[in-house]
Amino acid sequence: MAIYVLGDHTLDLREPDRETLVALLKDETVNEELFHVADCVKTREFGNKVFIRGIIEFSNHCRCTCAYCGINARMTRIKRYRMLPDDLVDAAVHAAQTYRTVILQSGEDRFYTADMLADIVRRIKKQANCAVTLSIGERTLEEYRMMREAGADRFLLKHETANAVLYEALHGVPLETRLDAQRRLRGLGFELGGGFMVGLPGQTDETLADDLLTLVREKVQMAGIGPFIVHPDTELAGARDGDPHKTLKVLALARLLLPACHLPSTTALNVKGGMKNALFCGADVIMQKATPFAYRELYDIYPGRDAREVPLEEQYETLRKGLAELGLSAE
Ligand code: SAH
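Residues numbered from 1 in each chain as written. Predicted model: local features only at pLDDT ≥ 70, side-chain atom pairs only at ≥ 80, totals over all residues. Heavy atoms only, no water.

Let's talk about the overall build of the protein chain
For the protein chain, the count of helices and strands is 13 helices and ten strands. Against the 2.2 N^0.38 benchmark of 20 Å for 331 residues, the protein chain shows a C-alpha radius of gyration of 19 Å, consistent with a compact globule. Once local pairs closer than 6 in sequence are excluded, the contacts in the protein chain between residues at least 24 apart make up 72%. Carbon and sulfur atoms make up 51% of the accessible area of the protein chain, which amounts to about 14000 Å² in all. Distance from the positive charge centre (42 side chains) to the negative charge centre (48 side chains) of the protein chain: 3 Å. (Helix = DSSP H or I, 4+ residues; strand = E, 2+ residues; numbered from the N terminus. Rg over C-alpha atoms; globule rule 2.2 N^0.38 Å. Contact = heavy atoms within 4.5 Å. Areas by Shrake-Rupley, 256 points an atom, 1.4 Å probe, with all protein chains shown as cover. Lys, Arg positive; Asp, Glu negative; His and termini not counted. Charge placed at Lys NZ, Arg CZ, Asp CG, Glu CD.)

Below is the structure:
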């Protein structure tokens, strides 16, 4: 357990405190040192490896009304799609030829019962040698248990913001609901991925410090930290995008607080051109799209996402070469 001295600030990992985190977020003179230390910790933990995952966005139907999200239930004019279980299994088995981890993500779509999802996972695990990560939102303990017993390894469910008032304003349900779902997942032995957005309207540095401390408290093993990106058709249309630079600072602090945690350079950060930097201030994971081409444009949770139609092996190879040029090795 380390104590970091950055500029005038002392961050004690045995007892990380909110005031120090806020001060570090506000102090722009510490950035270079902060990013360097975060990169050293990442390298100590993972060497020059970057873990590449393939993500399949299999349904954009959603029962939730998250104010920031372009596929929320109130978006009546968008075209909805969902993949049939057979097609999803095929797509995942195909993706597993390129990626060692396949992430299955969707809106909160109750068309897929827990039985169906468990069956999909079971079939993928039987046909392919890959880790399966689910990112499908909140379900009951019993439903999560069925997915876990079917062989799902990991689960991504971000807390989105640790400010309970802001969380409820954006989602219409209390933050505790989300944290309870995370705890159910942990209890079942899923590797838990949490995370949050940076730059949500009304969020402050104090909120971000609480977001970081929430990751520590909930003992997440992965954390997706990305800038909020305004979707022009949502109720947050008039807001401003989150700051990619601030996101990098938060990411670097997450690396110090949770040395062994997997931290992706999130898709939202990549949209903002931040990938290369993220890999040198703490991030060790990149997710690439493995969604069948026909659906890529339709999974429009925020603008600017890459919907290009490049075959998976080619997109992986391009990334692998790009990483090699940076001295990093794709895993
Ligand atoms: N329905 C699933 C999957 C969510 S989408 C679930 O609720 O867990 C994956 C992530 O995209 C969300 O957790 C959120 O952090 C992020 N996201 C959604 N809309 C966004 C926006 N406008 N800007 C940035 N990130 C966004």
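What to know about the side chain of Lys42
Within the element layout of this structure, Lys42 appears in helix α2 (residues 31-46). No salt bridge is formed by the buried Lys42; the nearest opposite charge belongs to Asp39, separated by 5.0 Å. In this structure Lys42 touches Gly47, Lys49, Val50, Arg255, Leu279, Gly282, Ala283, Asp284 and Leu328, once residues within four positions along its chain are discounted. (Buried < 20%, exposed > 50% of the residue type's maximum accessible area, 1.4 Å probe, protein only. Salt bridge = Lys/Arg side-chain N within 4 Å of Asp/Glu carboxyl O.)

Notes on the nonpolar core
Among the nonpolar cores identified, the biggest contains 85 residues, and Ile56 and Leu104 are the most heavily contacted of them. Among the elements that make up this core, the one with the highest residue count is helix α9 (residues 244-257) (eight residues). The residues touching Ile56, leaving out its near neighbours within four places in the chain, are Met83, Leu88, Ala91, Ala92, Ala95, Val102, Ile103, Leu104, Gln105, Ala290, Thr291 and Pro292. In this structure, Tyr81, Leu166, Leu170 and Tyr299 belong to the second largest nonpolar core, which totals 20 residues. (Core = buried A, V, L, I, M, F, W, Y, C linked by side-chain atoms within 4.5 Å.)

Points about the site of the ligand
Near the ligand lie 17 residues; those nearest to it are Tyr68, Ser106, Glu160, Pro227 and Ile229. Within the contact set of the ligand, an oxygen atom lies 3.4 Å away from a side-chain nitrogen or oxygen of Lys158. For the ligand, a nitrogen atom lies 2.7 Å from a polar atom in the backbone of Ile229. Against a free-state accessible area of 560 Å², the protein chains account for coverage of 91% of the ligand. Across the shell around the ligand, the residue classes break down as nine nonpolar, five polar and three charged. (Near = heavy atom within 4 Å. Polar contact = N/O pair within 3.5 Å; in protein donor to acceptor, adjacent residues only side chain to side chain. Nonpolar A, V, L, I, M, F, W, Y, C, P; charged D, E, K, R; others polar.)

Observations regarding the UniProt feature "binding site: [4Fe-4S] cluster" (unreviewed entry) in the protein chain
UniProt feature "binding site: [4Fe-4S] cluster" (unreviewed entry): in the numbering of this structure it lies at Cys62, Cys66 and Cys69. Along the polypeptide, Cys66 turns up in the loop between β3 (49-59) and α3 (85-95). Excluding residues within four positions of it along the chain, Cys66 makes contact with Asn72, Leu170 and His171. Along the chain, Cys69 falls in the loop between β3 and α3. Leave out the neighbours within four places in its chain, and Cys69 touches Met75, Thr234 and Ile301. (UniProt positions renumbered as here; feature names shortened; annotations may be inferred.)

Observations concerning helix α13 (residues 312-325)
Relative to the 20 Å expected for 14 residues at 1.5 Å per residue, α13 spans 20 Å between its end C-alpha atoms, a close match to the ideal helical length. If you check which residues of α13 are buried, you get Leu312, Gln315, Tyr316, Leu319 and Leu323. In a view along the axis of α13, the buried residues occupy a sector of 100°, so they form one face of it. Exposed residues lying more than 90 degrees from the buried face of α13 are Thr318 and Glu325. On its buried face, α13 is in contact with β3, α3, α11 (275-278), β9 (285-289), α12 (293-296) and β10 (329-330). At the exit of α13 stands Gly327, carrying a positive phi of roughly 80°. (Expected span 1.5 Å × (residues − 1). Arc of directions from axis to C-beta.)

Quick look at the packing of helix α1 (residues 18-26) against α9
What describes two packed helices is the angle between their axes and the distance between those same axes. Running from N to C, α1 and α9 cross one another at 140°; their axes reach a closest spacing of 10 Å. The handedness of the crossing between α1 and α9 is right-handed. For the pair formed by α1 and α9, the contact residues are Leu21, Leu24, Leu25 and Lys26 on the first element and Lys246, Lys249, Val250, Leu253 and Leu257 on the second. Partitioning the contact of α1 with α9 into residue classes produces six nonpolar, no polar and three charged. (Axes fitted to C-alpha atoms, helices over the stretch in contact; angles between N-to-C directions. Left-handed = near helix turned anticlockwise from the far one by under 90°.)

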